[in-house]
Amino acid sequence: MVVWATWATSVGSNFKGKDKSEKGRISPSTNPLQSNRESRKAVVFMETFDAIRTVLAVRRFKDTPIPEPIVRQIVEAGRLTASGGNSQPWHFIVVRDKETLRRLGQLARTGPYIPQAPLAIVVAMDHSPLANSDGSRAIQDMILAAWSQGVGSNWVGYNNLPEVNPLLGIPEEVSVLAILPFGYPAEAVGKGQKKRKPLGEVAYNERWGEPFA
Ligand SMILES: Cc1cc2nc3c(=O)[nH]c(=O)nc-3n(C[C@H](O)[C@H](O)[C@H](O)COP(=O)(O)O)c2cc1C
């Protein structure tokens, strides 16, 4: 519950609809769910699902710096991610230097907006058979951890950024999987409206082709 209340307060200004209307409505002292352990679990689940439901690619950022504890939490989310055989084949390079951010924006053809962000995390992977899966999972954890604090982000590049290695002193044999710019969104985002295929098109019941929904 405490987790949810913190999230609702910090993210409220970036969200429209349900989340904003609920901001401040449930307080730790008055929420009736507090009295029931099972219900508390349900609230925590909703927090996770709501983050998944509302997160969107953010490509315009405010200049506002991200507080250090939040930066730490984002990196921790990456570090704590599970990997195949627990191999942890990742390296997270935290970049806040304006000139380096500018260079990253030049090098990443699909991320010219990177220099707008006050922070970028470069995700570099050791050679390992599951590197892309492990790295992708860590990236998603970092994006969701950030979003749960109101910090927007996006994924830039896909193992196609060798020019970043010399810029950051990354050894040649380590591959830059992605650059993640992080920052407070420049405009309100997250109405929970995503352009996605309907569930009936992608999910099946028991057997391929049997509609799930
Ligand atoms: C593996 C992967 C690579 C991506 N690469 C880029 C990229 O290089 N540049 C970019 O601006 N967005 C990139 N994106 C963001 C997607 O374009 C975006 O998430 C998608 O269009 C859905 O939009 P939404 O997240 O706002 O719902 C990437 C996303 C993923 C998952």
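Report follows, based on the coordinates. (Residues numbered from 1 in each chain as written. Predicted model: local features only at pLDDT ≥ 70, side-chain atom pairs only at ≥ 80, totals over all residues.)

Quick look at the overall build of the protein chain
- Of the regular secondary structure elements, the protein chain holds 8 helices and 4 strands.
- Listed N to C, the secondary structure of the protein chain is α-α-α-α-β-α-β-α-β-α-β-α in terms of helices and strands.
- Here the protein chain, with 213 residues, has 31% of them falling under the buried criterion.
- When contacts within the protein chain are restricted to residue pairs at least 6 apart in sequence, those whose partners lie at least 24 apart make up 72%. (Helix = DSSP H or I, 4+ residues; strand = E, 2+ residues; numbered from the N terminus. Buried ≥ 20, exposed ≤ 12 C-beta atoms within 10 Å, placed from the backbone. Contact = placed C-beta atoms within 7 Å.)

Considering the site of the ligand
- Looking at the ligand, the residues that line it are Leu56, Ala57, Arg59, Thr110, Gly111, Asn154, Trp155, Val156, Gly157, Tyr158 and Lys194.
- Residues belonging to the shell around the ligand are distributed by class as follows: 5 nonpolar, 4 polar and 2 charged. (Near = placed C-beta within 6 Å. Nonpolar A, V, L, I, M, F, W, Y, C, P; charged D, E, K, R; others polar.)

Considerations on the sheet that holds strand 2 (residues 119–125)
- Taken in spatial order, the 4 strands of this open sheet run 1-2-4-3, and their pairing is antiparallel. The open sheet has two edge strands with one neighbour each: strand 1 (90–95) and strand 3 (152–153).
- Where strand 2 lies against strand 4 (residues 175–183), 7 bridges are found, and the strand directions are antiparallel. Residue pairing across strands places Ile121 opposite Leu180, the latter belonging to strand 4.
- Most of the contacts of helix 5 (residues 98–107) go to strand 1, to which it runs at about 120 degrees, and overall it touches strand 1, strand 2 and strand 4.
- The strands touched by helix 6 (residues 131–147) are strand 1, strand 2, strand 3 and strand 4; relative to strand 4, the strand with the most contacts, the crossing angle is about 5 degrees. (Pairing = 2+ DSSP bridges. Axes fitted to C-alpha atoms, helices over the stretch in contact; angles between N-to-C directions.)

Examining the packing of helix 4 (residues 68–79) against helix 6
- Their axes nearest at 8 Å, the elements helix 4 and helix 6 cross at an angle of 150 degrees. As far as their axial angle goes, helix 6 and helix 4 are roughly antiparallel. Every pair of crossing elements has a handedness; the one defined by helix 4 and helix 6 is right-handed. When helix 4 is examined against helix 6, the residues Gln73, Ile74, Ala77 and Gly78 are found in contact with a partner set consisting of Ala138, Asp141, Met142, Ala145 and Ala146.
- When the residues that make up the contact of helix 4 with helix 6 are grouped by side-chain class, the tally is 6 nonpolar, 2 polar and 1 charged. (Parallel < 35°, antiparallel > 145°, perpendicular 65-115°, else oblique. Left-handed = near helix turned anticlockwise from the far one by under 90°.)

Read these as layout, nothing more, since geometry by itself doesn't imply function.
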